[in-house]
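One-letter residues, chain by chain:
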Amino acid sequence: MKAGPTPLQTLRVLRIHRCRISSLSMGELNRRHIHASSSSLASSTSSSPPPTPTGLRHAVSSSSLAGSAGGLSYEDHLSASSYRARPSRFLKLVNWWHMISVYFPAILYALIAILVAQVFIDVSDHGREIKEFVHMVESVKTVGLSLLMKVTPLFILGLWWATHRHRPIYLVDFATYKPPPSWKVSQADVLEIMRRKGCFTEKSLEFMERILQNSGTGPSTAWPPGILKLLRREGNGEGEAGKEGKGGVEEDPNGEVVADQTEEGAREEAQAVIYGAVEDVLAKAGVRPRDLDILIINCSLFSPTPSLCAMVAHHFQMRQDILSFNLSGMGCSAGLVSIDLAKRLLESRPRSRALVISTENLTQAFYHGNNRAFLLQNTLFRCGGAAVLLSNRVQDGLRAKFKLLHVVRTQGTDKHSYDAVYSTQDEEGEKGVRLSKEIVKVAGRLMEKNLTAIGPKVLSLGEMGKAMVTLVARKAAHALRRACKARGWSRLQRAVPEVKVYTPNFSRCVDFYCLHAGGRGVLDGIEKNLQLLPEHLEPSRMTLYDYGNTSSSSIWYELEYICEKMDLRRGQRILQVAFGSGFKCNSAVWVSTPPGVRDVKVYPFREHRETTRMDSACTSMWVSVCVRVDGGYVSLFPVWVRRLQQNFFYLSHRRFVPSVIEKLAAA
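Residues numbered from 1 in each chain as written. Predicted model: local features only at pLDDT ≥ 70, side-chain atom pairs only at ≥ 80, totals over all residues. Heavy atoms only, no water.

Per an unreviewed UniProt entry, the recorded name for the protein is 3-ketoacyl-synthase 11, and the organism is Nannochloropsis gaditana.

**Student:** For this particular structure, what's the right way to read the nonpolar core?
**Tutor:** The nonpolar side chains of soluble globular proteins are, as a tendency, buried together. The biggest cluster of nonpolar side chains holds 36 residues, and the ones touching the most others in it are I339, L390, F402, W556 and W590. The leading source of residues in this core is helix α14 (residues 334-348), at seven residues. Dropping the residues within four chain positions of it, I339 is found in contact with V356, L390, L404, V407, W556 and W590. Counting 28 residues, the second largest nonpolar core, distinct from the first, contains I274, V278, V312 and I357. (Core = buried A, V, L, I, M, F, W, Y, C linked by side-chain atoms within 4.5 Å. Buried < 20%, exposed > 50% of the residue type's maximum accessible area, 1.4 Å probe, protein only. Helix = DSSP H or I, 4+ residues; strand = E, 2+ residues; numbered from the N terminus. Contact = heavy atoms within 4.5 Å.)

**Student:** Which parts of the structure should I look at to understand the packing of helix α12 (residues 263-285) against helix α13 (residues 308-315)?
**Tutor:** Relative orientation and spacing of two packed helices are given, respectively, by the angle between their axes and the distance between those axes. Packing of α12 against α13 leaves a shortest axis separation of 11 Å and a crossing angle of 55°. As the angle between them shows, α12 and α13 are arranged oblique. Considering the relative orientation of α12 and α13, their crossing is right-handed. Between α12 and α13, the residues in contact are R267, A270, Q271, I274, Y275 and E279 and L308, M311, V312 and H315, respectively. Per-class residue counts for the contact of α12 with α13 are six nonpolar, two polar and two charged. (Axes fitted to C-alpha atoms, helices over the stretch in contact; angles between N-to-C directions. Parallel < 35°, antiparallel > 145°, perpendicular 65-115°, else oblique. Left-handed = near helix turned anticlockwise from the far one by under 90°. Nonpolar A, V, L, I, M, F, W, Y, C, P; charged D, E, K, R; others polar.)

**Student:** How should I be thinking about the packing of helix α9 (residues 187-197) against helix α10 (residues 202-213) in this particular structure?
**Tutor:** Contact geometry for α9 and α10: axes closest at 11 Å, N-to-C directions at 160°. The orientation of α9 with respect to α10, classified from their angle, is roughly antiparallel. Considering only the axes of α9 and α10, their crossing is right-handed. Facing α9, whose interface residues are Q187, V190, L191, M194 and R195, α10 presents L205, M208, E209, L212 and Q213. Residue classes in the contact of α9 with α10 are distributed as six nonpolar, two polar and two charged.

**Student:** Would you mind showing me how to read the environment of H416 here?
**Tutor:** The topology assignment puts H416 in helix α17 (residues 415-419). As for H416 and K441, which are separated by 25 residues in sequence, their C-alpha atoms are 9.4 Å apart. What H416 contacts, discounting residues up to four positions off in sequence, is E438 and V442.

**Student:** What should I look at first to understand the sheet that holds strand β1 (residues 169-176) in this one?
**Tutor:** Taken together, the nine strands give an open sheet; going across it, the order is β7-β6-β8-β9-β1-β10-β15-β14-β13, and neighbouring strands pair in mixed fashion. Strands with a single pairing partner mark the edges of an open sheet, and in this sheet they are β7 (323-327) and β13 (512-515). Going across the sheet, the axis of each strand differs from the next one's by a mean of 25°, ignoring polarity. Sheet topology places β13 next to strand β14 (residues 573-580); four bridges connect them, and they run parallel. Each bridged residue has a counterpart across the sheet, and for Y513 the counterpart in β14 is L575. On top of the sheet, α13 reaches β6 (294-298), β7 and β8 (353-360); it is set at about 130° to β6, its chief contact. (Pairing = 2+ DSSP bridges.)

Okay, here's the thing in structure tokens:
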């Protein structure tokens, strides 16, 4: 048997290996190591398990050195280390698409430089021909200049329109979470939960009972299962309110039943609501999770780590390059904030899909004090969630249910707006959400500003003209009274009439309303201020009765009610309005583009429908015509052209050919 290598030879072998590592791929290192190990096993008398190819360290492992001592000579090591990998193996390791995208600007500049050089070469080589061409152009300079002056503005306008034209945003489909029967509670059950909490006084319980009776919620709304454990009796598992199947029972050291308001309990509630809504909308739209490009989740009171977006992306195994956004602390208006964010992202990313999830978590959002400003959150809010699939793809527009027209956001920045909905602690240190007494005034003021901003985008010329005339008349009357007062003409000052504020009739251009179901008092105030009919508030009141105040997802329950139980036709417009902490008032306008015709059913509050049907028939008919003509629901005309046509049909309906328009609208 040959003698083993000397320490000097071993050191030289290690140096050779180290120098060759940079030019060898990991697979070749493992192959060389296995080859050396097999040679050592063939010449060695002692057996050892084959080494595993685990990377760089095994290339010069003790097994290979032992093989040298067992019969592998120094020259064998030199021949093995001189092995070179094939270039094709290195080419497979390079991400060429990433490399091209990184160096694309440099490549583009190089191509432009080459093109400019070729232009100079052609000019220098064909100087005589160019002079003859210039002489020929000078002979027709007058005609060419006139044509150029006419074509240039058209070209500039066309280029401006092409660059500023927004991509249409479609609502492919949406789904709302339907709580299981074990989550449903009545108003008596809610009061029983408050009593079993043991932290509320009799005055607080009476106050919450009055709030529940006037809230407009029905006898079957959903609460999280962690809190519903308080409805279970010890021993037999049956609550005093007659509820069964509310989940497991947890007891404190004194043997009393306690609610599960832990972080894991809140996470389980979020998973049940979000996963159920997402699975439904993906199944209805026929879209895989890996087909999504943008993920937006809004949940105001629950923001765990990892985020809810990470939870959804992990559960549904979405792509690693998905753009995820987690919004919190934005209250009940966060649903339309998410829609606006998705709209802006889709306008900058062609051929993309966005999944918007709106929900609220109530497991940990429970107030345990007796301050009345905080007690409203314990009685109004309920569990719920919705998932909305948006897209800017033309093929998705062919099967979309709605098309997004406008989104307007209004943010209050004064102190009253900031303190209207405020998360803090009371004087006893109990954490909760405080609702200000000025919240109704703040909401009304911001809603007025928001509708003022969105009015010119949806109202007809007639309604805008009336509002403008009223505004000018009010300012003129105010200036006249002030001038009379300055000159001491008191009798003439009293004779100046008071011009009332004209509230535009949105029902002439909006067919359905999805107003945030914050409570019966809120809906009554909106109905009075906007002069709406009872049928306009039907989706909001029925959603409040069936599901309660589900925060940011309530407008999607209302839209679902309109789609399933009301006479929604193609081309009709829907106005969504939501309020939130901060204080914010956001609105969105959608146009119905259903691919098929739905059956029309008769439901309550329908006797007032025909009184305003023809007021908006012109708008609905024109939008429907636009939707059918443009093929694939892609708008081919700018907004001002559609508005002009809309108002033309409106004037025709009101003054010239009412019978023809009525027949067309009825068809």
